[in-house]
Amino acid sequence: MHGDETVGREILLHLIDFLVTSYGRDPVITRLLNNTRVHIMPTMNPDGFEATKVPDCYYTRGRYNKNGEDLNRNFPDAFENNSASIQPETQAVMDWIKNETFVLSANLHGGALVASYTFDNGNPVTGSLNGYSQSPDDDVFIHLAKTYSSNHASMYKGSGCDNRQTFPGGITNGYSWYQLEGGMQDYNYVWGQCFEITLELSCCKYPPADQLEKFWRDNKAALIEYIKQIHLGVKGQVTDKNGNPIPNAIVEAKGRPHVCPYRTNEQGEYFLLLLPGTYVINATVPGFKSMLKTVVIPDNTGNFSALKQDFSFPEVSDKIRSRVASCPKIPLYQELTRASAAVKPTVHILVLMTVMLVIFK
């Protein structure tokens, strides 16, 4: 995302080479690619990279795009209004996210050594008053961050880049590290239905070229293990009585409501990343009775296939289809905070009225 943080760019080029040359030779990589669609974008900020004429470990203007904007502060934010003008690179990525069914993602950075997970921003609804901004899928995010960190050559040690900054287990909640508005990580999770973590891969943002091979070796196993996590949880298709796919049906795990409900794609497919355990999956076609199914999810990452659970709505025909309903790009958690505050006095009034009626009787 940042043009002067070059390790991630080079590692992804190595990853592409490794995947295509290992396919058909390495049985693990062959099975992985036979069961997984992998999209790789080596750089989101080519102008920033080209503008970095003098490499520096700490800071250069290459962090920003040609318009001087930080692309990782440029996305719509779920907690506060982001006044930054959406840049062409950001809009292109937002369109990409909208047009694909991404499920798992990572964006790569430099300047630290840690796996950071959502939320980067927060408010009292997500626990920010306690210095931690928790998502409904916090356990999954911790697992994802630990998966990368524990398979990295040294990230798991948590020593960071100096004695002033340590990360137990090599992971951190984004908000706990520092508050960030307009980040891609939170945007992808809230509006893209995609679990994304931020990988800080090097203490030096732009290291000497002769160190790149070591960075690849340090991250190779972690990248592959991370990609495998796409097969956590449950997936399936929602169909009508004729077997036709129902797009925009809401499919959520009970007790894990997303502020922007997760919906099926045009093929009626849904994907929910969940750790092994027992869950109740709720499928809803607006205007019809919800369907609940209890599932026991195993750890299927080694088998490269999430548990499959389909839903068929016999009362829905292809003439009655779910309307397209996308969440607006507004601070949804800000609205949730206001709604919570508005409900509280109502509860008090209702209790008071009940007591008064009992007394009068």
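Please read all numbers here as calculations on a predicted model, not as lab measurements. (Residues numbered from 1 in each chain as written. Predicted model: local features only at pLDDT ≥ 70, side-chain atom pairs only at ≥ 80, totals over all residues. Heavy atoms only, no water.)

1. Thoughts on the pattern of salt bridges
So, point 1. Counting across every chain of the model gives 10 salt bridges.
So, point 2. Put simply, Lys205 and Glu5 hold a salt bridge, and the shortest N to O gap is 3.3 Å. Of this pair, Lys205 sits in the loop between strand 4 (195-202) and helix 8 (212-228) while Glu5 sits in the segment before helix 1 (7-22), and the two are 200 residues apart along the sequence.
So, point 3. When the shortest N-O distance is used, the salt bridge between Lys228 and Glu225 registers 2.9 Å. (Salt bridge = Lys/Arg side-chain N within 4 Å of Asp/Glu carboxyl O. Helix = DSSP H or I, 4+ residues; strand = E, 2+ residues; numbered from the N terminus.)

2. Brief notes about a nonpolar patch on the surface
So, point 1. On the surface, Leu13, Ile16 and Val20 cluster together into a nonpolar patch covering about 240 Å² of accessible area.
So, point 2. Along the chain, Leu13 falls in helix 1.
So, point 3. We classify Leu13 as partly exposed; its relative accessible area is 41%. (Patch = residues over 30% accessible without salt bridge, like charges linked within 9 Å, V, L, I, M, F, W, Y side chains within 5 Å. Areas by Shrake-Rupley, 256 points an atom, 1.4 Å probe, with all protein chains shown as cover. Buried < 20%, exposed > 50% of the residue type's maximum accessible area, 1.4 Å probe, protein only.)

3. Details of the sheet that holds strand 8 (residues 277-284)
So, point 1. On the basis of which strands lie adjacent, the open sheet formed by three strands has the order 6-8-9 and antiparallel pairing. Across the chains shown, the open sheet's two edge strands, defined by having one partner strand only, are strand 6 (250-253) and strand 9 (291-297). Neighbour-to-neighbour, the strand axes of this sheet turn through a mean angle of 25°, independent of strand direction.
So, point 2. Examined bridge by bridge, strand 8 and strand 9 share seven bridges and lie antiparallel to one another. Looking at the pairing, Asn282 lines up with Leu292 of strand 9. (Pairing = 2+ DSSP bridges. Axes fitted to C-alpha atoms, helices over the stretch in contact; angles between N-to-C directions.)

4. Some thoughts on helix 2 (residues 27-35)
So, point 1. The complete set of buried residues in helix 2 reads Ile29, Thr30 and Leu32. Buried residues of helix 2 fall within an arc of 165° about the axis and therefore sit on the same side.
So, point 2. Each element contacted by the buried residues of helix 2 is listed here: helix 1 and helix 8.
So, point 3. For helix 2, the side-chain oxygen to backbone nitrogen distance between the N-cap and Val28 is 2.8 Å, and the N-cap itself is Asp26. (Arc of directions from axis to C-beta. Contact = heavy atoms within 4.5 Å. Polar contact = N/O pair within 3.5 Å; in protein donor to acceptor, adjacent residues only side chain to side chain.)

5. Focus: the UniProt feature "domain: Peptidase M14" (unreviewed entry) in the chain
So, point 1. The sites that carry the UniProt feature "domain: Peptidase M14" (unreviewed entry) are, in the present numbering, residues 1-230.
So, point 2. As annotated, residues 1-230 comprises 37% helix and 10% strand, and the C-alpha atoms at either end are separated by 22 Å. (UniProt positions renumbered as here; feature names shortened; annotations may be inferred.)

6. Re the packing of helix 2 against helix 8
So, point 1. Two elements in contact, helix 2 and helix 8, have axes whose closest approach is 11 Å; the angle formed by their N-to-C orientations is 40°. Classified by the angle their axes make, helix 2 and helix 8 are oblique. The crossing of helix 2 and helix 8 is left-handed. Contacts between helix 2 and helix 8 pair Val28, Ile29 and Leu32 from the former with Ile224, Ile227 and Lys228 from the latter.
So, point 2. Residue composition of the contact of helix 2 with helix 8, grouped by class: five nonpolar, no polar and one charged. (Parallel < 35°, antiparallel > 145°, perpendicular 65-115°, else oblique. Left-handed = near helix turned anticlockwise from the far one by under 90°. Nonpolar A, V, L, I, M, F, W, Y, C, P; charged D, E, K, R; others polar.)

7. Some remarks on the environment of Leu15
So, point 1. Relative to the elements of secondary structure, Leu15 occurs in helix 1.
So, point 2. In sequence terms Leu15 and Thr284 are 269 residues apart; their C-alpha atoms lie 39 Å from each other.
So, point 3. With near-sequence residues (within four places) excluded, Leu15 lies in contact with Ile40, Trp216, Ile224 and Ile227.

8. Describing the sheet that holds strand 1 (residues 104-109)
So, point 1. Read across the open sheet, the four strands follow the order 1-4-2-3; overall the sheet is mixed. Each having just a single partner strand, strand 1 and strand 3 (171-173) make up the two edges of the open sheet. Strand-to-strand twist of the sheet, defined as the mean angle between neighbouring strand axes without regard to direction, takes the value 25°.
So, point 2. Alignment of strand 2 (residues 112-117) against strand 4, held across six bridges, turns out to be antiparallel.

9. Focus: the pairing of strand 6
So, point 1. Neither face of strand 6 is left uncovered, since the one carrying Ile250 and Glu252 and the one carrying Val251 and Ala253 both have all their residues buried.
So, point 2. Strand direction decides the pairing type here: strand 6 and strand 8, joined by four bridges, are antiparallel. Considered in strand 8, the bridge of Ile250 is made with Thr284.

10. As for the UniProt feature "active site" (unreviewed entry) in the chain
So, point 1. The feature "active site" (unreviewed entry), as given by UniProt, occupies Glu200 in the numbering adopted here.
So, point 2. Locating Glu200 in the fold gives a position in strand 4.
So, point 3. Given a relative accessible area of 7%, Glu200 falls into the buried group.
So, point 4. In this structure, Glu200 is in contact with His109, Gly110, Gly111, Ala112, Leu113, Val114, Met155 and Trp177, ignoring residues within four places of it in sequence.
So, point 5. Separated by 3.4 Å, the side chain of Glu200 and the backbone nitrogen of Gly110 make a polar contact.

11. Focus on the state of the cysteines
So, point 1. Considering all chains together, one arrives at three disulfides under this definition.
So, point 2. Disulfide pairing places Cys161 opposite Cys203 at an S-S distance of 2.1 Å. Handedness of the Cys161-Cys203 disulfide follows from its S-S torsion of about -90°: it is left-handed. With Cys161 in the loop between helix 5 (138-151) and strand 3 and Cys203 in the loop between strand 4 and helix 8, this pair connects stretches of sequence that are 42 residues apart.
So, point 3. Paired through a disulfide, Cys260 and Cys327 show a sulfur-sulfur distance of 2.2 Å. Of note, the bridge from Cys260 to Cys327 carries an S-S torsion of about 110° and is right-handed in sense. Highlighted residues: Cys260 in the loop between strand 6 and strand 7 (269-272) and Cys327 in the loop between strand 11 (311-313) and helix 9 (332-360), separated in sequence by 67 residues.
So, point 4. In this structure Cys260 comes out as buried when scored by relative accessible area, which is 8%.
So, point 5. For the chain, the disulfide bridges join cysteines in the arrangement 1-4, 2-3, 5-6, where the cysteines are counted in sequence order. (Disulfide = S-S within 2.5 Å.)

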